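Structure at a glance
Here's the letter readout for the chains.
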Amino acid sequence: MSHPDRFVLAGVMGWPVMHSRSPRLHNYWLDRYGLAGTYVPLAIHAEGLRAALRALPALGFSGCNLTIPHKEAAFEIVDEVDPPARRIGAVNCVVVRPDGALFGRNHDGWGYIESILEAAPDWRADAGPIVVLGAGGGARAVVAGLTDRGATDIRLVNRSLDRARQLERTLGGPVRAIEWASRNDALDGAAMLVNTTSQGMVGQPALDIALDRLPNTALVSDIIYIPKETPLLAAARARGNRTVNGLGMLLHQARPAFRDWFGVMPEATPELRAMIEATI
Ligand SMILES: NC(=O)c1ccc[n+]([C@@H]2O[C@H](COP(=O)([O-])OP(=O)(O)OC[C@H]3O[C@@H](n4cnc5c(N)ncnc54)[C@H](OP(=O)(O)O)[C@@H]3O)[C@@H](O)[C@H]2O)c1
């Protein structure tokens, strides 16, 4: 929704929130496209989320992003959700309607797919089995994105098998839950491997997996972006696999949100990527 004749406000609600890169992203685009507006971090406690979201129209906000720990709670609060948000069960973007109603969206799955296509334009979701490690919030978005893109075989491996089975039930189709003990074997013949667990993130141990069974033609992606190269991506690169980190997902999910609030679909330029990388 575009508001060309006034100062447009948006922000990100989280707790904590000051680590969020979203203000830098959106303010970079506001400047680049010469739009009048600003994007602010909003430190909101879980108990205050409902009141904060409901206050958006009165405060003149066009909408906001949601980050940890609010994505699932916001899904329950908003008035309407788009199909990706419904499938993922979480909202990462709220758009304030002209009548003040809150429209919840989720661009994480779309952003993930865009990041893969940007790094590997010839990539196809139906090229072969895809192994997804993890079954948390990030996995839901990734699996929904892969499924929408036509994936035919998703081997979903998670430490807690119950959580993988739940995702298999809700997202269905090509998703098959596999127990954590079989993660090395699950790589056999895979065209793609995606890490959505927190393992390998700064402050966390490396992911415990052996890549021997993974074809070296497979694309290896990690949705983590701090560090830029996780131990998994370093090991994959060393054996000749193409690799993609999580920064592109972060940049690309922001693009349709910016369009929703400010009326322009922005580009994830190399300059923007370098600017965000410099903060890591
Ligand atoms: N690039 C992006 O834009 C983007 C977007 C979203 C998330 N992320 C990143 O993705 C990662 C996960 O985020 P999330 O929101 O999905 O978190 P989450 O909902 O808490 O899920 C965490 C996942 O990691 C697994 N896990 C945790 N410790 C483990 C261990 N020791 N061994 C094996 N598996 C383990 C969990 O398994 P259990 O189910 O067994 O607990 C679960 O599947 C974070 O690093 C986050 O920063 C990046």
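This text follows the structure it describes.
Keep in mind it's a predicted model, so treat the numbers as computed, not measured.

**Points about unusual backbone geometry**
A cis geometry characterises the amide bond from tryptophan 15 onward to proline 16, with omega recorded as 5°. Take proline 16: it is sitting in the loop between β1 (8–14) and α1 (22–32). With an omega of 5°, the peptide bond between isoleucine 226 and proline 227 qualifies as cis. Along the chain, the position of proline 227 falls in the loop between β11 (219–222) and α8 (231–238).

**Quick look at the site of the ligand**
In the vicinity of the ligand lie 21 residues, with Gly138, Asn158, Ser160, Arg163 and Met201 positioned nearest. At a separation of 2.9 Å, an oxygen atom of the ligand approaches a polar backbone atom of alanine 135. Within the contact set of the ligand, an oxygen atom lies 2.7 Å away from a side-chain nitrogen or oxygen of asparagine 158. When the ligand sits alone it has 920 Å² of accessible area, and the protein chains cover 76% of it. Contributions of two or more residues to the shell around the ligand are made by α6 (137–148) and α9 (247–262).

**Structural notes on the layout of surface pockets**
By rolling a water-sized probe across the atoms, one finds the places where empty space is left. The volume enclosed by the largest pocket comes to roughly 1500 Å³. Every residue lining the largest pocket is counted, 48 residues in all, and those nearest its centre are Ile68, Gly138, Thr196, Met201 and Ile223. Of all the elements in the fold, those that place two or more residues in the lining of the largest pocket are β3 (61–66), α3 (71–77), α6 and α9. In terms of residue count, α6 provides more of the lining of the largest pocket than any other element does, 4 residues in total. For the lining of the largest pocket, the per-class residue count stands at 21 nonpolar, 20 polar and 7 charged. There is about 270 Å³ of room inside the second largest pocket. Lining of the second largest pocket is provided by 17 residues; of these, Pro84, Asn106, Gly109, Trp110 and Asp148 occupy positions nearest its centre. Looking at the lining of the second largest pocket, the elements that each hand over two or more residues are α4 (83–88), α5 (108–119), α6 and α9. Ranked by residue count, the leading element in the lining of the second largest pocket is α5, at 4 residues. Classifying every residue of the lining of the second largest pocket gives 7 nonpolar, 4 polar and 6 charged.

**Quick notes on the packing of aromatic side chains**
Within this structure, the stated rule accounts for 5 aromatic pairs. On the basis of an interplanar angle of 65° and a centroid distance of 5.5 Å, the ring pair of tryptophan 29 and phenylalanine 258 is categorised as edge-to-face. Taken together, the residues span a long stretch of sequence, with tryptophan 29 in helix α1 and phenylalanine 258 in helix α9 at a distance of 229 residues. Per residue, the accessibility class of tryptophan 29 equals that of phenylalanine 258, and both read buried. Here the aromatic rings of phenylalanine 258 and phenylalanine 262 are separated by 4.6 Å at their centres, their planes lie at 45°, and the arrangement is tilted. Within this pair, phenylalanine 258 and its partner phenylalanine 262 are both found in helix α9, separated by 4 residues, close to a single helical turn. We classify phenylalanine 258 as buried; its relative accessible area is 0%. Under the relative-accessibility criterion, phenylalanine 262 is labelled buried at 5%.

How each quantity is defined
- Residues numbered from 1 in each chain as written.
- Predicted model: local features only at pLDDT ≥ 70, side-chain atom pairs only at ≥ 80, totals over all residues.
- Heavy atoms only, no water.
- Helix = DSSP H or I, 4+ residues; strand = E, 2+ residues; numbered from the N terminus.
- Near = heavy atom within 4 Å.
- Polar contact = N/O pair within 3.5 Å; in protein donor to acceptor, adjacent residues only side chain to side chain.
- Areas by Shrake-Rupley, 256 points an atom, 1.4 Å probe, with all protein chains shown as cover.
- 1 Å grid on protein atoms, 1.4 Å probe; cavity = no way out; pocket = protein on both sides within 12 Å on 5 of 7 lines; lining within 4 Å.
- Points joined across faces, edges and corners; volume = space filled by probe spheres on them.
- Nonpolar A, V, L, I, M, F, W, Y, C, P; charged D, E, K, R; others polar.
- Phe/Tyr/Trp six-rings, centres within 6.5 Å; stacked < 30°, edge-to-face > 60°.
- Buried < 20%, exposed > 50% of the residue type's maximum accessible area, 1.4 Å probe, protein only.

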